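Listed below, chain by chain, are the residues.
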Amino acid sequence: MVTSINKTQGEIRGASKSESHKSGKGLDGNFGLNLLPLPTNALFGTDGIRGEVGELLNAPLALQVGFWAGMVLQNHSCQTGPVILGQDSRNSSDMLAMALSAGLTAAGVEVWYLGLCPTPTVAYLTSISEAIGGVMISASHNPPEDNGIKIFNGNGSKLSPALQTEIEAGLRGHTVTGKVSNCGRHYSRGELVSQYGETLKQSLQQTVNLQGLKIVLDLAWGAAVGLAPKIFTQMGAEVICLHNEADGDRINVNCGSTNLEILQATVKEHDADLGFAFDGDADRVLAVDHTGRQVDGDYILYLWGKHLQEQQKLPDNLIVSTVMANLGFERAWQKQGGNLIRTAVGDQYVQAEMIKTGGMLGGEQSGHILCRHYAITGDGLLTALHIAALVKQAGVPLSEMVDQSFETYPQLLRNVRVIDRDRRLNWQNCQPVQQAIAQAEAALGDAGRILVRASGTEPLIRVMVEAANAELANHWTNELVSQVQQHLMV
């Protein structure tokens, strides 16, 4: 049974929904149809090309990206085959997907167009088919006015930096070898999405089902609206859905994995066993226990890792995470006999380290979880199914499983908006900020951590402070944020 409940956060708080989140921003007039000058810095960030539509991202750029991606993928493939193309629900996704398809077919590539689907769908279908690559149109957790282009190679992994550089060389007018002998064709292949859904169900053992669990799903008006409720229901769960229509104006707005408030209230209101919140393209997920408490990626990795460890399916008891992983998680996992390797923030770095070390489980605190037993990339639906199955098999509430795992160190994360791209990307050259970081690190010693970094997907400087107590974390967070605001926002 599926119940649909769609409330805006404004309704929860007794306020009206703001119109400022409409995704028409940046799409007025000619929809940004002029090919704008490319920025001097690299186009590809930690998760493809991403930005506000009508500024950097427009149809002419997408067409060019499609063409050069098609050329590069063909040059580096040992076979001929299609490129699989999917998108999320943003209003700009249709435009960008069609422009990309035009560019790909102009490069002589056949396009299999999936339409609305989660990002992991593109990665999975690319990996099991004769496809030479895949492209997903999405800005993940970003607001509606943003969008992005994610490119996968023929095995379903994120495209390597070397191939991204080749595509960018073509965009900037440099030589990319290859010759187009024929135009490709565009085919609508939406039926393939159900094949991905069947694989998700098959990843659980035949004897595992979710009968007896009441689960709330927050689908963020995004890519998983058609798939997630069906799969959880078919697995036997009673499902209550939030934000379960494809809505390009409201994707990620006050909902999904970036805002758990409505999900938390709904889980408690309906006495549900647990809840899951996805981002706009469903490649990441956060959980909520029956008390409404957030269960982030650190807890998900610990619980799933312990289960795999008990089954002797975790080589070297290794989990790969990022510099954002909480110290409490790391030290508890070490007491469990486990090893933790940290990478830079970004699931592509986690994936690369897993491949390098043979690790089978990895992910991010933000909810990107990769389990190579079942998938080659981060998958929110897969993760949610397996965590729900762990709860069912354990026969105890998720809250009890979390209570018996570890306590997090107080960790504060503050975002400072720095519009000037050069200042943001070169923040390390700011001596007052560096001096403040050194002072904070000296004061905390081994009882805490400092992490300052530029976001790879948004115009933000992220300041994270982790300390043995909340007072210390709050003090040094305020000090560092003040320095960033004073010296980088001017």
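Above this text sits the structure in question.
The structure contained in this document is the topic of the report that follows.

About the thresholds
Per chain, residue numbering runs from 1 following the sequence as it is written. At least 70 in pLDDT is required for a residue's local features to be given in this predicted model, at least 80 for side-chain atom pairs to be given and counted, and no such filter applies to totals for whole chains, interfaces and linings, which use all residues. The side-chain numbers reported here are obtained from all heavy atoms of the structure, hydrogens and water having been left aside. If DSSP finds at least two bridges between two strands, the strands pair. Strands are runs of DSSP state E lasting at least two residues, helices are runs of H or I lasting at least four, and both sets are numbered from the N terminus onward. Axis lines are fitted to C-alpha atoms, over the contacting stretch for helices. Their N-to-C directions set the angle, which ranges from 0 to 180 degrees. Note on definitions: a residue-residue contact is assigned when non-hydrogen atoms from the two residues lie within 4.5 Å. Note on ring pairs: Phe, Tyr and Trp rings are taken, using the six-membered ring of Trp, and paired if centres are within 6.5 Å. Classes follow the plane angle, with under 30 degrees stacked, over 60 edge-to-face and the rest tilted. Burial classes: relative accessible area under 20% of the type maximum marks a residue as buried, over 50% as exposed, and values in between as partly exposed (1.4 Å probe, protein chains only). Geometrically, a charge over a ring is one whose NZ (Lys) or CZ (Arg) sits within 6 Å of the ring centre while staying within 35 degrees of the ring normal. Between Lys or Arg on one side and Asp or Glu on the other, a salt bridge is scored when a side-chain nitrogen of the former is within 4 Å of a carboxyl oxygen of the latter. In what follows, roughly perpendicular refers to angles from 65 to 115 degrees, roughly parallel to angles under 35, roughly antiparallel to angles over 145, and oblique to any angle outside these ranges. Residues are grouped as follows: Ala, Val, Leu, Ile, Met, Phe, Trp, Tyr, Cys and Pro are nonpolar; Asp, Glu, Lys and Arg are charged; every other residue, Gly included, is polar. Two kinds of site are reported from a 1 Å grid over the protein atoms alone, namely cavities, where a 1.4 Å probe fits but cannot get out, and pockets, open sets with protein on both sides within 12 Å along at least five of seven lines, and residues are called lining when an atom falls within 4 Å of a point. Grid points are joined across faces, edges and corners, and a volume is the space filled by probe spheres set on the points.

**A closer look at the sheet that holds strand β7 (residues 186-188)**
Pairing is mixed in the open sheet, where 6 strands are placed in the order β2-β6-β5-β3-β4-β7. Strands at the two margins of the open sheet, each flanked by one partner only, are β2 (49-52) and β7. Taking each pair of neighbouring strands and ignoring which way they run, the sheet shows an average axis angle of 20 degrees. In this structure, strand β4 (residues 111-116) lies alongside β7, joined through 3 bridges in parallel fashion. Along β7, the bridge assignment pairs Y113 with S188. Sitting on the sheet, helix α2 (residues 59-75) is in contact with β2, β3 (83-87), β5 (133-137) and β6 (146-152), with an inclination near 10 degrees to β6.

**Some remarks on the packing of aromatic side chains**
The description of an aromatic ring pair uses the distance of the two centres, along with the angle that the planes make with each other. Tallied over the entire structure, the rule returns 8 aromatic pairs. Judged by centre distance (6.1 Å) and plane angle (40 degrees), the rings of F232 and F276 are tilted. With F232 in helix α7 (residues 228-234) and F276 in strand β10 (residues 274-278), this residue pair connects regions lying 44 residues apart in the sequence. For F232, a relative accessible area of 1% translates into the label buried. Ring centres of Y299 and F406 lie 4.1 Å apart, and the angle between their planes is 10 degrees; on these two criteria the pair is classed as stacked. In this pair, Y299 sits in helix α9 (residues 297-310) while F406 sits in the loop between α13 (398-403) and β17 (411-417), placing the two residues 107 residues apart along the sequence. For F406, a relative accessible area of 7% gives the class buried. Following the ring pairs from residue to residue traces out a cluster consisting of Y299, Y302, F329, W333 and F406. For R189, the ring lying beneath its charged end belongs to W112, and the centroid distance is 4.6 Å.

**Describing the pattern of salt bridges**
In total, this model carries 17 salt bridges according to the counting rule given. In this structure, D347 and K158 form a salt bridge, with 3.1 Å as the shortest nitrogen-oxygen distance. Highlighted residues: D347 in helix α11 (residues 347-357) and K158 in the loop between β6 and α5 (161-171), separated in sequence by 189 residues. Among the residues examined, D347 registers a relative accessible area of 5% and is labelled buried. Among the ionic pairs, E198 bridges to K201, the shortest N-O distance being 2.9 Å. Here K201 and E198 lie together in helix α6 (residues 192-202), a separation of 3 residues that amounts to about one turn. The class of K201 is buried, set by a relative accessible area of 17%. The structure contains a network of salt bridges with shared partners spanning D47, R50, K150, K158, D281, D283 and D347.

**Details of the packing of helix α4 (residues 119-128) against α6**
The description of two packed helices rests on the angle between their axes and on the distance between the axes. Running from N to C, α4 and α6 cross one another at 90 degrees; their axes reach a closest spacing of 10 Å. Here α4 is positioned roughly perpendicular relative to α6, judged by the angle of their axes. For the pair α4 and α6, the contacting residues are P120, T121, Y124, L125 and I128 in the first and L192, V193, Q195, Y196 and T199 in the second. For the contact of α4 with α6, a count of residues per class yields 7 nonpolar, 3 polar and no charged.

**What about the sheet that holds strand β18 (residues 448-454)?**
Pairing is antiparallel across the open sheet formed by 3 strands, whose spatial order is β17-β19-β18. The sheet terminates laterally at β17 and β18, the two strands that pair on one side only. Pairs of neighbouring strands in the sheet enclose a mean axial angle of 10 degrees, with direction left out of account. Bridging between β18 and strand β19 (residues 460-467) involves 7 bridges; their strand directions are antiparallel.

**Re the pairing of β19**
The buried count for β19 comes to 8 of 8 residues, which makes it a mostly enclosed element. Side chains L460, R462, M464 and E466 project from β19 onto one buried face, and the interleaved I461, V463, V465 and A467 project onto a second face that is buried too. Note: β17 against β19, 7 bridges, orientation antiparallel. For Q411, the partnering residue across the bridge sits in β19 and is E466. Taking the residues that link successive antiparallel strands as the turn, the β18-β19 hairpin has 5 residues.

**Here we look at the environment of A470**
Here A470 shows up in helix α16 (residues 470-488). For A470 and G256, which are 214 residues apart along the polypeptide, the C-alpha to C-alpha distance reads 27 Å.

**Thoughts on the side chain of Q348**
Tracing the backbone shows Q348 in helix α11. With residues near it in sequence (within four places) discarded, Q348 still touches G45, T46, D47 and K158.

**So, empty space enclosed by the protein**
Under the counting rule described, the total for this entry stands at 1 cavity of 30 Å³ or more. Estimated volume of the largest cavity: approximately 70 Å³. Taken together, F44, G45, T46, D47, G48, K150, I151, K158, L159, Q164 and Q348 make up the full set of residues lining the largest cavity. Broken down by class, the residue content of the lining of the largest cavity amounts to 3 nonpolar, 5 polar and 3 charged.

**Remarks on the layout of surface pockets**
Empty space within the second largest pocket amounts to approximately 230 Å³. Lining the second largest pocket are Y302, L303, K306, H307, E310, L390, A394, V396, E400, M401, Q404 and S405. Elements with a contribution of two residues or more to the lining of the second largest pocket: α9, α12 (380-394) and α13. Take the lining of the second largest pocket: its biggest share by element is 5 residues, from α9. Along the lines of polarity and charge, the residues of the lining of the second largest pocket split into 6 nonpolar, 3 polar and 3 charged.

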